[in-house]
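Notes for the structure review
Listed below, chain by chain, are the residues.
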Amino acid sequence: MRQTILRRAVLIGCNTLGKECNVKYQGHAAKVSFWFNGSKLVKLETRGSSVTRRRFEFAIGDKTINVELSSIVPEGKSEKLAFAREGESPLPVTSKQ
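Residues numbered from 1 in each chain as written. Predicted model: local features only at pLDDT ≥ 70, side-chain atom pairs only at ≥ 80, totals over all residues. Heavy atoms only, no water.

**A closer look at the nonpolar core**
- Grouped together as the largest cluster of nonpolar side chains are 9 residues: Ile-12, Cys-14, Cys-21, Val-23, Tyr-25, Ala-30, Val-32, Phe-34 and Leu-41.
- Broken down by secondary-structure element, the contributors of at least two residues to this core are strand 3 (21-25) and strand 4 (28-37).
- Aside from chain neighbours lying at most four places away, what touches Cys-21 is Gly-13, Cys-14, Ala-30, Lys-31 and Val-32. (Core = buried A, V, L, I, M, F, W, Y, C linked by side-chain atoms within 4.5 Å. Buried < 20%, exposed > 50% of the residue type's maximum accessible area, 1.4 Å probe, protein only. Helix = DSSP H or I, 4+ residues; strand = E, 2+ residues; numbered from the N terminus. Contact = heavy atoms within 4.5 Å.)

Structure, rendered in structure tokens:
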């Protein structure tokens, strides 16, 4: 899994069976796990006492990826983002629940 953080790519060697993996982001220890829930890829990330969930799902002929961000601890509102490939028609980018 490759994730871009502040324009830097981070390679995470972790499976999609829900097993927790130890990683470092910008020098700080974290734990992540990935699994599929139907067609959605779910990422659970723990940094210190904060726990965040991200759900990734392809849409519109696999030209858009929808991401739902949820703060589990501390409890917070979900935020939904939509990312389109470059050159595709613009979509509404964000909505908060």
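**A short note on unusual backbone geometry**
- Of note, the amide linkage connecting Val-73 to Pro-74 takes the cis form, showing an omega dihedral of -5°.
- Structurally, Pro-74 can be placed in the loop between strand 7 (64-73) and strand 8 (78-84).

**Overview of the pattern of salt bridges**
- According to the stated counting rule, one finds 5 salt bridges in the structure shown.
- The partner of Glu-45 in a salt bridge is Lys-43, with the nearest N and O atoms 2.9 Å apart. Across the pair, exposure class does not vary: Glu-45 and Lys-43 are buried alike.
- Across the salt bridge formed by Glu-45 and Arg-47, the nearest N and O atoms sit 2.5 Å from each other.
- Owing to a relative accessible area of 6%, Glu-45 belongs among the buried residues under this scheme.
- Where salt bridges share partners, they join Lys-43, Glu-45, Arg-47 and Arg-54 into one cluster. (Salt bridge = Lys/Arg side-chain N within 4 Å of Asp/Glu carboxyl O.)

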